[in-house]
Amino acid sequence: MGVERNRNLDIVRACATLLVVLYHSWVLTNSAGFQIPIVKLIVSLGGELGVTCFFVLSGYGIYCSLWGAEKNNSLSFTSFMWKRCKRIIPSYYICLLIIMFLGTGAIYLSRSNWANIISHALFVHNLFPDYAGSINGVLWTIGVTVQFYIIAIPLYKGIKKWNLFFLFACIAFTIACKTTMFRVVLPMFNGQHLSFFAGRQLLTSLDNFVVGMAVADMVVHRKWQLKRLWALGGGFFGIAALLLICKIGTKYGIHTNNVSGYVWHTLIAAAIGVFLYAVSYIECDSSKRLYRAFLWLSKCEYGIYLWHLVIIRNLIENVSFVSSLMNRGYYKTLYIIFICISIFMGWLMSQMTDSIRLDSIFRKKAGEN
């Protein structure tokens, strides 16, 4: 028997998806359209917040999956990775193929790009500065996530056995790795422009995933059960902490060679972890239309995430109507258009890839042999 899915966390996932789409819309339209300081603060860091939230939620979901498998005596690396591949590979490879064959004159099919293509196919493109965001700027996160899957079982066992001690050890390890990157490695290459690349690898983002695992461990084992009032208070505290950390990040930097650069993502992950733990104890009315709409959106999250950046760029570069709205300063209208089209495309691609059942394909191959 696995862990009952917490739908509130699906709502958080949907909100993180919309935040990332809004952030890229804002960046690609010259960062305009928001005057309210707190809104501009959240949007300007939306990519960082959204991706960190995805990493934390990934850790949470993987812990629950492994815990359920262990209870059923079916915990194995092979079965675990197969389930992850069924989820990730179809949409990911379709995205790669369409962009490579149809995007920008299929420049990625030239001989000089063979290493780029292979690195993406093997989910290691994030390890190379020239490849990390080349074909599709959001795919580096998929590489980091797949690499997390490879070591997820030992991390799961560590959290389960040593709890918060293991969490703090992973946080210390991550901060040490990031500090070494910024203070030792990047100066050797005169690589300030590589700061984002260095700061968002598996070893420099490991604590994000482990925070999610630690939260799941506490929820699964009901270590600190919260009543509704305490849960609401914890949720507000998580949001307040998130805003404060965002203010610190904008003042001192988030990919910089200073204390802020070393710990900012760790603090963000911790604040998100507090928020997730709190909202997991809040009962919501699932019959409400808005709640159901966000649940539906969360089901299309992967497709939206994979395609939104490509779509927004193509709309800006190739659609005269969009250019006209930009020239006239109708940025908020553009953001709504970009979000709606990204959601539609995400849903469409999700429908397409959900019809691809790798299990049935391999069973058919085995029958033919």
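Check the entry above for the structure.
Conventions and cut-offs
Each residue is numbered by its place in its chain's sequence as written, counting from 1. Thresholds applied to this predicted model are a pLDDT of at least 70 for local features of residues and 80 or more for the giving and counting of side-chain atom pairs; totals over whole chains, interfaces and linings are not thresholded and use all residues. Each side-chain value is worked out from all heavy atoms of the structure, with water and hydrogens disregarded. When a residue's accessible area, from a 1.4 Å probe over protein chains only, is under 20% of the maximum for its type it is buried; when over 50% it is exposed; and in between it is partly exposed. Secondary structure elements are taken from DSSP: a helix is a run of H or I of four residues or more, a strand is a run of E of two residues or more, and numbering for both begins at the N terminus. Planes of paired rings set the category: under 30 degrees apart is stacked, over 60 is edge-to-face and the rest tilted, where pairs are Phe, Tyr or Trp rings (Trp by its six-membered ring) whose centres lie within 6.5 Å. Comment: the charge-over-ring label is applied if NZ (Lys) or CZ (Arg) is within 6 Å of the ring centre and within 35 degrees of the ring normal. Throughout this description, the term nonpolar core refers to a set of buried Ala, Val, Leu, Ile, Met, Phe, Trp, Tyr and Cys residues connected via side-chain atoms within 4.5 Å. In this analysis, two residues are considered to be in contact whenever any of their non-hydrogen atoms come within 4.5 Å of each other.

### So, helix α7 (residues 152–162)
Taken together, the buried positions of α7 are occupied by A152, I153, L155, Y156, G158 and I159. Residue N163 follows α7 closely and has a positive phi angle near 50°.

### Observations regarding the packing of aromatic side chains
One pass over the structure, following the stated rule, counts 18 aromatic pairs. Pairing F54 with Y305 gives two aromatic rings, centres 5.4 Å apart and planes at 80°, and the pair type is edge-to-face. Of the two residues, F54 is situated in helix α3 (residues 46–71) and Y305 in helix α14 (residues 301–318); the sequence distance between them amounts to 251 residues. Both residues of the pair, F54 and Y305, count as buried. A ring pair is formed by F128 and Y131, whose centres lie 5.6 Å apart and whose planes are at 50°; its orientation type is tilted. The class for F128 is partly exposed, based on a relative accessible area of 38%. When the ring centre of Y149 is taken as origin, the NZ or CZ atom of R84, which lies over that ring, is 5.9 Å away.

### Quick notes on the nonpolar core
Counting residues in each nonpolar core, the largest one holds 111 residues, and the members touching the most others are I142, F148 and M213. Counting residues per element, this core draws most heavily on α3, which supplies 13 residues. Those residues in contact with M213 that sit more than four places away from it in its chain are G59, Y60, I62, Y63, F148, A152, L155, Y156 and I159. In terms of nonpolar packing, the next biggest core, distinct from the first, is built from six residues, F182, L186, L194 and V263 among them.

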